[in-house]
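# A structural walkthrough
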Amino acid sequence: MKKQFYIMLFCFTITYAPVRAQQEQTIHFLNNIWQANLTNPALLPSTHKVNVAASSFYVNYNAPIDFNDLVVKKGVKKTFTPLNTGYLDKLDSYNYVESNFQWQTAAISFPVSKHLFISLHHAIYGNQYAEFDKNALTFLFNGNSGFVGKTMTLDNRIHTSVYNEFAAGIVYKLNNISVGFRLKGLNGLVGAFSSGNKLRLNTDNTIYAVQLDTDYQLQTFDPSVSMLQRLKRNGGYAADVGVVVKLQRLQLSLSGINLGPGILWKHGGTTYTSRGASDFAGFDSYDVGTTTYQDLTKSIKESLQFEVQEKGEYRQALPVQVFLSGVYTVNPKIEIGGLFYAEQSEVETKYGLTINATTKLIKGLNLGLSYNRRNINQNSVGLHATAHLFKTVQLYFVTDNIRFITNPYDSRSVNGRMGMNFTFGEMKHYTGKLKKMKRGEERNIRQ
Amino acid sequence: MIFTKTNLLCLIFFLVLTSCKKPFDEIDTSSNALNPEFAVPLLNTSIEVGEFISGLQGNGALIVNNDGSYNLSYEGAMLTNPPLKLFETLPEIPAMPITNDNMSVTFPAPSGLKISKMSFKQGVIRWKMASAIDAATVILTLPQLVNDQGVAFVKTFSITKNSLLDSVILRGRFIKPIDGKIQVNVVVKDGLGNKANLREGSISISKYEPQVVEGVLVAREVVIPKSTIQFDFFKKWKFQGNVQFQNPKVTTTFNNSYGLPTRVFMDIFEVETVEGRAIGLKSPLTKLPNGGNIPLKPTILALNEIGKTRKTVYEFNATNSNINELFNASPMAFNFSSRAVVGDSTVQGFFTDTSNLSMKMDISVPIVGTAKGFLTENTEGVDFSSYEKVTDVELKVITNNTLPFDINLQCYFLDSKEAIIDSLFQKSTLILRGAVVNSNGSIARPSDETTFVKIEAERFKRLLLAKKMRIQYLTSTSANGNIPVKILSNQGVVLRVGLKGKIKY
């Protein structure tokens with residue numbers, strides 16, 4: 001059990017942590033697949049009337065280490081060893097880890113009239129974010145004996161949640177303006193949220209008396225009920241709004257995502273609180289013949305005890321995202337666009353910028369490259385590809401960071417979405433528009 | 001055309017495939033690669049001197065003196081002699097015929113006892129008489145049988161030709177034999193006051209028990225049971241080396257309620273050392289220079305002290321005995337065997353039915369002295385199996401000592417057959433440095449000592465198999481055991497132990 005606990009704790013620290021948004025910028029420019037609708041509820045594929053999204057998966061991972069740091073080489077043999085101390089030196093003094101996944105189980109959009117479209121979808125989101133001092137891992141991996149006479153800063157912040165999203169949206173199109181609104185029912189499945197992040201462990205240099213100075217609270221939510229029953233607990237809602245305006249070859253888009261109160265977690269809660277100082281200075285008496293290792297560890301744990309309450313309540317507001325973009329159709333085969341992205345979460349405010357170029361290389365195959373800038377200092381080159389096969393099958397792949405494709409095990413940032421859609425009913429105005437644009441270009445060439 | 005949809009899809013597929021190199025050969029999700037070392041406090045305590053010494057006292061008692069010093073006290077059992085054992089059986093006066101008017105009858109006294117006065121706890125005088133005539137009056141007089149007023153026993157009664165049985169209870173009366181005899185006077189008269197004769201007559205004394213006997217008792221020996229006092233201080237701890245106590249003493253306390261000369265001969269008064277030797281006490285109080293015994297003489301009671309008890313204490317100390325020699329030989333038991341001689345044919349005295357001679361031996365050892373190379377040993381059962389996750393260990397032992405002892409420690413770890421697996425140190429190591437003492441043995445200042453004990457992984461693995469631990473303490477008093485030191489109640493040891501241990505998750 002302890003082993004499992006430590007592995008869990010490790011994974012928790014390395015791969016889990018924040019309720020940040022699932023920052024996905026390049027997909028905003030894939031306006032021929034349904035998933036772009038996630039960034040603006042007014043943005044529906046302009047090519048087909050009915051779009052059915054089968055399962056798609058999104059993964060995002062940013063960490064201070066890469067996969068190869070978890071691989072230990074002994075001679076020619078390489079062993080994936082997540083619990084090794086080799087990468088401790090690569091960590092900064094304070095580290096951030098975020099990982100997100102999204103499993104979109106199904107989605108559909110279809111017209112109910114000339115101007116009105118309906119969009120429905122369900123997805124399971126997992127958002128994890130952790131901030132942790134390097135010492136927290138050092139403590140687990142190397143212990144505290146290297147910090148005798150010092151204070152170990154074990155500060156950390158944890159925000160993790162897995163939740164369901166059931167969404168229904170409408171898009172109203174009038175002439176060149178589309179307005180979208182989506183209401184999202186949320187249902188928290190599992191969550192853990194910390195508040196206050198102070199965890200300081202002092203080990204004195206006489207007989208190593210340990211003192212814990214804390215201002216820390218962790219609330220976990222895990223209703224011990226069946227998955228079906230979980231759907232009725234820890235509910236909430238949010239809304240997305242968006243508008244798209246088309247001006248000749250220029251399309252402008254503005255959206256706000258995750259507006260609203262979010263999820264109210266109150267079922268299956270446990271609150272761990274530690275505030276103030278506690279210490280363990282050793283036994284008053286120790287019988288070497290009968291005092292066990294378990295007695296020792298139990299006494300330390302009890303002395304440095306967290307107060308545990310079998311209840312908790314936490315309001316998890318989903319991070320509000322704003323997408324402001326413009327796409328210019330250079331010619332029937334090339335589009336270029338720019339996006340300004342902003343995100344306000346409980347933890348911080350982030351900004352992003354994307355410049356994208358998409359080419360319809362051949363009929364049914366779109367390729368694009370993007371330049372992404374996140375959080376002021378994170379730069380990456382993205383890639384996306386959409387293939388339309390057999391008229392109704394649509395395969396797509398998109399990433400904000402191409403590096404993890406070319407060298408996935410040395411990349412500290414993983415980002416990508418892939419999936420399959422089905423499309424039905426090609427829009428006439430779309431084909432007409434293309435033909436019109438093509439004729440115009442041919443005239444220009446002849447002139 | 002090179003940019004066909006098929007070609008491009010193949011190209012993407014190829015790029016993905018080539019980027020998906022096998023990242024590793026095997027997976028190890030265990031925590032084997034981790035061997036963190038944690039530093040935790042293990043023990044933080046202070047040991048008062050009382051606790052420290054009480055571990056050594058065994059069945060003794062630790063007495064705190066007014067000045068804060070300690071005495072280790074061992075109390076022997078009270079050895080008593082039941083007084084009635086003085087007389088195995090008490091004789092009776094059988095029915096003796098009354099042959100004349102004034103006859104002298106021997107009072108049945110135990111052998112060696114010449115009674116001058118005796119009170120009865122119980123007893124009966126019986127007589128049987130019949131007259132030679134039809135009716136007669138008898139006056140029976142026992143002039144030496146008196147009541148508490150000193151009035152002699154006189155009984156007047158009528159008899160006929162038929163036998164008359166009568167008796168008188170002796171309880172509350174005294175008898176005063178003269179030269180062991182008592183007088184019985186019988187006067188028989190007819191109705192006119194003339195002397196008459198008895199057809200038959202007899203008198204007897206039976207079932208008597210004395211309460212207080214005055215007289216002369218020929219000296220007789222009374223055995224006092226043999227006794228042993230276990231002196232656990234040394235017996236409990238296997239040792240070698242030398243411990244010297246200052247001013248130990250053994251006291252012999254007699255409680256005597258005999259009014260007769262009493263002498264106690266200490267036939268055996270010796271210690272049994274841990275080495276199996278027996279060393280006898282030599283004292284001018286008990287031994288003549290030529291080896292003959294000198295009796296101890298408990299104080300006897302005077303006649304006006306009947307029923308009281310007098311205490312007599314003999315103290316054997318360094319000034320009147322070789323007691324220091326006995327204690328410095330590491331005694332583990334004190335054996336006593338004595339006999340009392342009660343009575344003297346030339347001395348008048350008394351004893352009662354509750355007269356008693358009890359003897360009690362006490363050992364008192366002030367905890368003042370010196371120790372040099374004093375090795376004690378203790379073996380305890382241990383079970384380290386719960387420490388299997390621990391690998392390398394380093395103990396940091398910090399002591400602050402106001403006790404005037406240096407203690408060197410060695411631990412041997414034994415398997416189930418008591419074979420030595422390993423030892424804690426290569427050689428016995430000083431872990432407790434004694435407080436600095438001045439020339440008169442008082443503490444000048446406490447001492448601090450820090451000791452590191454490192455046990456590497458391989459050694460610790462062996463120790464996990466240990467079933468017993470034999471701990472040896474080598475103790476010397478401060479100043480290299482040359483200055484007698486005094487242990488006071490405000491002394492003690494502050495003991496703090498920290499542990500650095502590598503563990504496997």
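Residues numbered from 1 in each chain as written. Chains lettered and ligands numbered in written order. Predicted model: local features only at pLDDT ≥ 70, side-chain atom pairs only at ≥ 80, totals over all residues. Heavy atoms only, no water.

## Some words on the overall build of chain B
- Looking only at helices and strands, chain B features five helices and 35 strands.
- For chain B, restricting intrachain contacts to residue pairs at least 6 apart in sequence, the fraction spanning at least 24 positions comes to 83%. (Helix = DSSP H or I, 4+ residues; strand = E, 2+ residues; numbered from the N terminus. Contact = heavy atoms within 4.5 Å.)

## Topic: the nonpolar core
- Phe107(B) and Phe334(B) are the most contacted members of the largest nonpolar core, which has 146 residues in total.
- Top element by residues in this core is strand β8 (residues 113-131) of chain B. It accounts for seven residues.
- Residues Trp34(A), Val171(A), Leu186(A) and Met427(A) belong to the second largest nonpolar core, which totals 19 residues. (Core = buried A, V, L, I, M, F, W, Y, C linked by side-chain atoms within 4.5 Å. Buried < 20%, exposed > 50% of the residue type's maximum accessible area, 1.4 Å probe, protein only.)

## A short note on helix α2 (residues 134-142) of chain A
Residue and element names in this part refer to chain A.
- The set of residues buried in α2 consists of Asn135, Ala136, Leu137, Thr138, Leu140 and Phe141.
- The N-cap residue of α2 is Asp133: its side-chain oxygen and the backbone nitrogen of Asn135 are 2.9 Å apart.
- Looking at the residues trailing α2, positive phi occurs at Gly143, about 80 degrees. (Polar contact = N/O pair within 3.5 Å; in protein donor to acceptor, adjacent residues only side chain to side chain.)

## Comments concerning the interface of chain A and chain B
- On the chain B side, the residues contacting the 60 residues of chain A number 54 residues.
- Each partner contributes to the roughly 4,600 Å² buried at the junction of chain A and chain B, and carbon and sulfur atoms together form 64% of this total.
- For the pair chain A and chain B, the number of links is one salt bridge.
- Here Lys77(A) ties to Glu26(B) by a salt bridge, and the two come within 3.7 Å at their closest N and O atoms.
- At the junction of chain A and chain B, the tally comes to 11 residue pairs in polar contact (both at pLDDT 80 or more).
- Among the secondary structure elements, those contributing two or more residues to the side of chain A that touches chain B are α1 (2-15), β3 (77-80), α2, α4 (293-303), β17 (349-362), β18 (365-374), β19 (378-389) and α5 (403-406) of chain A.
- Looking at chain direction, β3(A) and strand β1 (residues 26-27) of chain B are connected through two bridges and run parallel. Bridging from a neighbouring strand, Thr79(A) pairs with Glu26(B) of β1(B). (Buried area = accessible area lost by both parts, 1.4 Å probe. Salt bridge = Lys/Arg side-chain N within 4 Å of Asp/Glu carboxyl O. Pairing = 2+ DSSP bridges.)

## Focus on α4(A)
Residue and element names in this part refer to chain A.
- Within α4, the full set of buried residues consists of Tyr293, Leu296, Thr297, Ser299 and Ile300. Here the buried residues of α4 occupy an arc of 160 degrees about the axis, which is enough to place them on one side. Across from the buried face of α4, at angles greater than 90 degrees, the exposed residues are Lys298 and Lys301. (Arc of directions from axis to C-beta.)

## Focus: unusual backbone geometry
Residue and element names in this part refer to chain B.
- Phi is positive for Ser330, close to 55 degrees, though the residue is something other than glycine.
- Residue placement: Ser330 occurs in the loop between α4 (323-328) and β21 (331-342).
- Not every positive phi belongs to a glycine, and Glu418 is a case in point at roughly 65 degrees.
- On the secondary structure map, Glu418 appears in the loop between β27 (405-414) and β28 (420-423).
- You can call Glu418 partly exposed: its relative accessible area is 36%.

## Here's the deal with the pairing of strand β11 (residues 250-265) of chain A
Residue and element names in this part refer to chain A.
- Alignment of strand β10 (residues 235-247) against β11, held across 10 bridges, turns out to be antiparallel. Residue pairing in the sheet places Gly242 in a bridge with Ser255 of β11.
- Linking two consecutive strands that pair antiparallel, namely β10 and β11, is a turn of two residues; a positive phi of about 55 degrees is found at Gln248 within it.
- Sheet topology note: the β11/strand β15 (residues 320-331) ladder contains eight bridges and is antiparallel. In the sheet register, Leu250 faces β15, and the bridge partner there is Tyr328.
- Of the pairings in the sheet, the one linking β11 to strand β14 (residues 314-316) comprises three bridges and is antiparallel in character. Bridge pairing links Trp265 to Tyr314 in β14.

## A closer look at the confidence of the model for chain A
- For chain A, per-residue confidence averages 84 on the pLDDT scale, and residues scoring 70 or more make up 89% of the total.
- A low-confidence stretch, residues 1-22 of chain A stays under pLDDT 50, and its non-local contacts, those more than four residues away or across chains, total 85 contacts. (pLDDT = per-residue confidence, 0-100.)

## Quick word on the sheet that holds strand β26 (residues 390-401) of chain B
Residue and element names in this part refer to chain B.
- Pairing is antiparallel in the open sheet, where four strands are placed in the order β2-β35-β26-β32. Two strands close off the open sheet at either side, each with one partner strand: β2 (37-48) and β32 (447-455). Strand after strand, the sheet turns through a mean of 15 degrees between neighbouring axes, direction not considered.
- Taken together, the 10 bridges between β26 and strand β35 (residues 492-503) define a ladder with antiparallel strand orientation. Counted as the bridge partner of Ile398 is Arg496 from β35. (Axes fitted to C-alpha atoms, helices over the stretch in contact; angles between N-to-C directions.)

## Looking at the pattern of salt bridges
- Per the counting criterion, the structure on display carries 27 salt bridges over all chains.
- A salt bridge links Asp101(B) to Lys195(B); the shortest N-O distance between them is 3.1 Å. With a gap of 94 residues between them, Asp101(B) in the loop between β6 (93-97) and β7 (102-106) and Lys195(B) in the loop between β13 (181-189) and β14 (198-217) connect regions that are remote in the sequence.
- Salt bridges sharing partners connect three or more residues here, namely Glu165(A), Arg182(A), Lys184(A) and Asp240(A).

## Topic: the packing of aromatic side chains
- The full count for this structure, using the stated rule, is 21 aromatic pairs over all chains.
- For the ring pair Phe323(A) and Tyr341(A), a centre distance of 5.1 Å and an interplane angle of 65 degrees mean the geometry is edge-to-face. Residue Phe323(A) is located in strand β15, and its partner Tyr341(A) is located in strand β16 (residues 334-344); the two are separated by 18 residues in the primary sequence. Accessibility classification places Phe323(A) together with Tyr341(A) in one group, the buried group.
- Among the aromatic residues, ring-to-ring pairing joins Phe193(A), Phe221(A), Trp265(A) and Tyr314(A) into one connected group.
- The ring of Phe117(A) carries Lys173(A) above its face, with NZ or CZ at 4.8 Å from the centroid.
- The ring of Phe174(B) has Lys117(B) sitting right over it, with the charged end atom 4.7 Å from the ring centre. (Phe/Tyr/Trp six-rings, centres within 6.5 Å; stacked < 30°, edge-to-face > 60°. Lys NZ or Arg CZ within 6 Å of the ring centre and 35° of its normal.)

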